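Here is what each chain is made of, one letter per residue.
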Amino acid sequence: MISKDIDRNLILLLTLITLILQKTSYKAVILIAGIFLWAKFYLLNKDDSYLEFILSRMLVLSVPLSFVSISGRLYSQSIVSWFNLFFIFLTGLVIVKNLANYSFFMNKLSFISLKIIVLGIVPIFVSKTMNSAIKQYINFATPFVLIIVGNNVKYSCSMKEKKILLYDYIFATNIVGVGTLLQYISKKVFNIVVGNYSYMGGYRHGFGFLFTDFSFLSLYLVTGATLLLYLIDEGKIDREKGVINIVFLVITSIMTSARTGIFSFIVVFGLFVLPKFFYYLIYNFRRFIALTLVVVLLLGSSLMLVGRVRGNRKFSDSGRGTLNEKAFKLFLEEPIFGVGFGSENYSKISGMLPHNLIFQYLAQGGLILCIPLFIALIMILAMTKNNDRVLFGTILCILIGSLFIPNIFNSRYMGAIFLIFSIRDVVDIYSENTKEIGYES
């Protein structure tokens, strides 16, 4: 996928360089390329936008590179990633600039986010493994920090810029889709391994691109597809180009071998088409038939592709039910404060983390953390459902996926989508006088 905007293509180039050279000794090449290409990105935009907006774009576009360091090393070896750097730069700039001007803005959701950030400190002290707990806390707090940051950045962003951020997110998912496809072809055709690849259980080829978790990757790809689905429905992008792009992202999501992404997309797609079924059944039977065929095609092709990737284990829960049951028992034993943050801490108590946002944070954070956390997530869903359907579908998709994988707040793209949500002023964005921004696929 090539965009007519050269700045986005710079990040596509950097990501492909990192993917190809990551397993080689040319780490310095990756670092130099990153410095040069991000600097070029800044220079292309500095005359037209405020620094806060440029850093917001950089953060969103750096999600494909967020699980490796700036030199391509594994995240376990170095946490100095472009995503983390842009997060620190953006947050620091907003805090310093706004406090200096005595104009730090906080809305209701920002206050709840601040409460979550503060209360999230409690599970650190409850935990028996402080270092592991701090690592989880940082990842957990990042999306809520970005909600507060976005609420302050939005006042320096034009309506056009708020739309650009959304298309940056879609472009970033396509970067990852291209990288995953190249990784798949490289292994299957040439037997050359690039990126994160694993052969599991004697039947499953896992393609993780530059992500450390296959489920995170599969879910990220379909968040771009979900955004496109709702943008098509709103008439904001060309239907044919959008559909082609959706198919591409869904197929590459299935290529990862993880089922979280395709399952979440099917659920969101089902909720999306359900009201249309009844409407078309009454008022437009021809469209009702067409929509039925689309649903059957989506379900049939998805099951076929997942079957090819996962074999006869495509419906296995991989022990998730047992993990969730153990987590709920831990919550009943420590209902107020939980057992504390940290995967090491949890493994010593009960083994593997539960693959479910609700059970994980009930067990780790107890009611003191979960009550404000769940309130915030429900608020975000309600606000987007009422005011910004495009983002509603994507956030719902992420939350559905979070019911099948652990540590969803580690995903990076949850922080990116929360930042976009907080920056967007949906009333102004969809006003009649707003100039449309083109989308290319």
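Residues numbered from 1 in each chain as written. Predicted model: local features only at pLDDT ≥ 70, side-chain atom pairs only at ≥ 80, totals over all residues. Heavy atoms only, no water.

Asker: Would you explain a nonpolar patch on the surface in this entry?
Answerer: Where nonpolar side chains cluster on the molecular surface, the patch consists of Tyr279, Leu281, Ile282, Tyr283, Phe285, Ile289 and Leu293 and spans about 790 Å² of accessible area. Mapped onto the nonpolar patch, the elements with two or more residues apiece are helix 11 (260–283) and helix 12 (285–310). Broken down by element, the nonpolar patch gets its largest block of residues, four residues, from helix 11. Its location among the elements puts phenylalanine 285 in helix 12. (Patch = residues over 30% accessible without salt bridge, like charges linked within 9 Å, V, L, I, M, F, W, Y side chains within 5 Å. Areas by Shrake-Rupley, 256 points an atom, 1.4 Å probe, with all protein chains shown as cover. Salt bridge = Lys/Arg side-chain N within 4 Å of Asp/Glu carboxyl O. Helix = DSSP H or I, 4+ residues; strand = E, 2+ residues; numbered from the N terminus.)

Asker: For this particular structure, what's the right way to read the packing of helix 5 (residues 108–119) against helix 15 (residues 357–387)?
Answerer: When two helices pack together, you describe them by how their axes are tilted relative to each other and by the distance separating the axes. For the pair helix 5 and helix 15, interaxial distance at closest approach is 9 Å and the crossing angle is 150 degrees. Put simply, helix 5 runs roughly antiparallel to helix 15. With respect to the hand of their crossing, helix 5 and helix 15 are arranged in left-handed fashion. Of helix 15, the residues touching helix 5 (which contributes Lys108, Leu109, Ile112, Lys115, Ile116 and Leu119) are Ile368, Leu369, Pro372, Leu373, Ile375, Ala376, Met379, Ile380 and Met383. Split into classes, the residues belonging to the contact of helix 5 with helix 15 amount to 13 nonpolar, no polar and two charged. (Axes fitted to C-alpha atoms, helices over the stretch in contact; angles between N-to-C directions. Parallel < 35°, antiparallel > 145°, perpendicular 65-115°, else oblique. Left-handed = near helix turned anticlockwise from the far one by under 90°. Contact = heavy atoms within 4.5 Å. Nonpolar A, V, L, I, M, F, W, Y, C, P; charged D, E, K, R; others polar.)

Asker: Got a minute to help me understand the nonpolar core in this structure?
Answerer: A general trend in soluble globular proteins is that nonpolar side chains are found buried together. Trp38, Phe144, Phe211, Ile408 and Tyr413 are the most contacted members of the largest nonpolar core, which has 122 residues in total. Ranked by residue count, the leading element in this core is helix 9 (residues 214–233), at 13 residues. Within the second largest apolar cluster, six residues are counted, among which are Leu330, Tyr346, Leu353 and Ala363. (Core = buried A, V, L, I, M, F, W, Y, C linked by side-chain atoms within 4.5 Å. Buried < 20%, exposed > 50% of the residue type's maximum accessible area, 1.4 Å probe, protein only.)

Asker: Whenever I open this one, the environment of isoleucine 378 confuses me. Can you help?
Answerer: Mapped onto the fold, isoleucine 378 is located in helix 15. In this structure isoleucine 378 comes out as exposed when scored by relative accessible area, which is 56%. Sequence separation of isoleucine 378 and valine 222 is 156 residues, and the distance between their C-alpha atoms is 21 Å.

Asker: Help me understand the pairing of strand 1 (residues 197–200), please; the structure alone is not making it clear to me.
Answerer: Side-chain direction in a regular strand flips from residue to residue, so the side chains alternate between the two faces of the sheet. By the bridge criterion, four bridges tie strand 1 to strand 2 (residues 204–207) in an arrangement that is antiparallel. Paired with tyrosine 199 across the bridge in strand 2 is histidine 205. Counting the residues that bridge the hairpin from strand 1 to strand 2 gives three residues, and of these glycine 201 lies at a positive phi of roughly 65 degrees. (Pairing = 2+ DSSP bridges.)

Asker: Would you mind showing me how to read helix 1 (residues 6–21) here?
Answerer: The periodicity of an α-helix, 3.6 residues per turn, causes residues three or four places apart in sequence to face the same way. Along its 16 residues, helix 1 runs 23 Å from first to last C-alpha, staying within 8% of the 22 Å computed at 1.5 Å per residue. Those residues of helix 1 that are buried are in contact with helix 2 (27–45), helix 3 (51–61), helix 4 (82–100) and helix 8 (159–190). (Expected span 1.5 Å × (residues − 1).)

Asker: What is the right way to look at the packing of aromatic side chains in this model?
Answerer: Here the distance between the centres and the angle between the planes together describe a pair of aromatic rings. Taken as a whole and judged by the stated rule, the model has 27 aromatic pairs. Both rings, one in phenylalanine 67 and one in phenylalanine 216, keep their centres 6.3 Å apart while their planes meet at 40 degrees; by these two values the pair is tilted. Placement of the pair is phenylalanine 67 in the loop between helix 3 and helix 4 and phenylalanine 216 in helix 9, with a sequence separation of 149 residues. Like phenylalanine 67, the residue phenylalanine 216 is buried in the burial classification. Their ring planes at 80 degrees and their centres at 5.7 Å tell us that tyrosine 169 and tyrosine 220 sit as a pair that is edge-to-face. A residue pair is termed long-range when its members are at least 10 positions apart, and tyrosine 169 in helix 8 and tyrosine 220 in helix 9 qualify at 51 residues. For the pair shown, tyrosine 169 and tyrosine 220 are each scored as buried. An aromatic cluster is built from Phe67, Tyr169, Phe209, Phe211, Phe216, Tyr220 and Tyr413, whose rings are joined through pairwise contacts. A cation sits over an aromatic face here: arginine 412 above phenylalanine 67, 4.2 Å from the ring centre. (Phe/Tyr/Trp six-rings, centres within 6.5 Å; stacked < 30°, edge-to-face > 60°. Lys NZ or Arg CZ within 6 Å of the ring centre and 35° of its normal.)

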